[in-house]
Amino acid sequence: MTVNLEVAEGVGTLRLDRPPMNALDVATQDRLKELAEEASRRDDVRAVVIYGGEKVFAAGADIKEMQAMDHTAMVLRARALQESFTAVARIPKPVVAAVTGYALGGGCELALCADFRIVADNAKLGQPEILLGLIPGAGGTQRLARLIGPSKAKDLIFTGRMVKADEARELGLVDRVVAPDQVHAEAHAWAAKLAQGPAIALRAAKESIDTGLETDIETGLAVERGWFAGLFATEDRERGMRSFVEEGPGKAKFL
């Protein structure tokens, strides 16, 4: 399989496994969608890590496969391409990308689907599609601009240049830079900590933030309001408030 889902300690790891560069061909895209939807459904998966292995995250699409596709073929495929990445972005649980080596093109777009990005200090990220006479097609023009702002996104997309880890952090493209051999451990620790949290409240927070970024503030506030009131019907809310009153802040156990 080109993508695997491994579950341990409440953390589901979506592991890309298509050596040598984890090129995201059609089969890998479809498998990614299938497993992202599985991770979304499974109660034993409370947080997710996306990982490409010790050497590379994903160097992009399979260019040889795309070269053989004409306009008609891509018209038929483009929506499925976006839907595979959107399935990752819509996982209703905390998601962290653990990036080693290259995260280019579709690889960068996949990292953009995570809530948090931890990268190796030797990582390189970018959207080089313009150098092929193309633009990002798996959400890059939308998610990158929302994450780092339109002018910075246009710089990366217009030039197709790669950025190293430190610049990526300065741009806001990544959140934490660590030694290459610490990337997976740091990402798993981040996910494992959140896997211990209140699952429904985390889902509510993620959906409220993401919806607000995609729409106007009034709609975002309405979503927030609905979730906020709805959480008062949950056992986790009762447990969290009872613990606060009886034991002080930050001591509630949600599992």
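Rules behind the numbers
- Residues numbered from 1 in each chain as written.
- Predicted model: local features only at pLDDT ≥ 70, side-chain atom pairs only at ≥ 80, totals over all residues.
- Heavy atoms only, no water.
- Patch = residues over 30% accessible without salt bridge, like charges linked within 9 Å, V, L, I, M, F, W, Y side chains within 5 Å.
- Areas by Shrake-Rupley, 256 points an atom, 1.4 Å probe, with all protein chains shown as cover.
- Salt bridge = Lys/Arg side-chain N within 4 Å of Asp/Glu carboxyl O.
- Helix = DSSP H or I, 4+ residues; strand = E, 2+ residues; numbered from the N terminus.
- Buried < 20%, exposed > 50% of the residue type's maximum accessible area, 1.4 Å probe, protein only.
- Core = buried A, V, L, I, M, F, W, Y, C linked by side-chain atoms within 4.5 Å.
- Contact = heavy atoms within 4.5 Å.
- Pairing = 2+ DSSP bridges.

So, on to a nonpolar patch on the surface. Residues Met 21, Tyr 102 and Met 162 make up a contiguous nonpolar surface patch of about 250 Å² in total accessible area. Mapped onto the elements, Tyr 102 comes out in strand 5 (residues 102-104). Note on Tyr 102: relative accessible area 32%, which makes it partly exposed.

This paragraph deals with the nonpolar core. Residues Phe 57, Val 88, Val 99, Leu 110, Leu 125, Leu 144 and Leu 173 are the most contacted members of the largest nonpolar core, which totals 46 residues. The element best represented in this core is helix 3 (residues 71-89), accounting for five residues. When near neighbours in sequence (up to four residues on either side) are disregarded, Leu 144 contacts Leu 112, Gln 127, Gly 139, Gly 149, Ala 153, Leu 156, Ile 157 and Leu 173.

For the rest of this paragraph, the subject is the pairing of strand 6 (residues 116-120). With five of five residues buried, strand 6 is to be regarded as a mostly interior element. Residues of strand 6 alternate between two faces, with Phe 116, Ile 118 and Ala 120 on one and Arg 117 and Val 119 on the opposite face, all of them buried. Across four bridges, the pairing between strand 4 (residues 95-99) and strand 6 is parallel. Bridge pairing links Ala 98 to Ile 118 in strand 6.

This brings us to unusual backbone geometry. A cis amide bond links Pro 19 to the next residue, Pro 20, at an omega of 0°. Examined against the element boundaries, Pro 20 turns out to sit in the loop between strand 2 (11-16) and helix 1 (26-41). Of note, Glu 9 is a non-glycine position whose phi angle comes to about 60°, a positive value.

Let us now look at the pairing of strand 2. Here strand 2 lies mainly inside the structure; five of its six residues are buried. Relative to strand 2, strand 1 (residues 3-8) is paired through six bridges, and the arrangement is antiparallel. Among the inter-strand pairings, Glu 6 is bridged to a residue of strand 2, identified as Thr 13. What sits between the antiparallel neighbours strand 1 and strand 2 is a turn of two residues, in which Glu 9 has the positive phi angle 60°. In this sheet, strand 3 (residues 47-51) lies alongside strand 2 in parallel orientation, the contact comprising five bridges. The partner of Thr 13 across the bridge, within strand 3, is Val 49.

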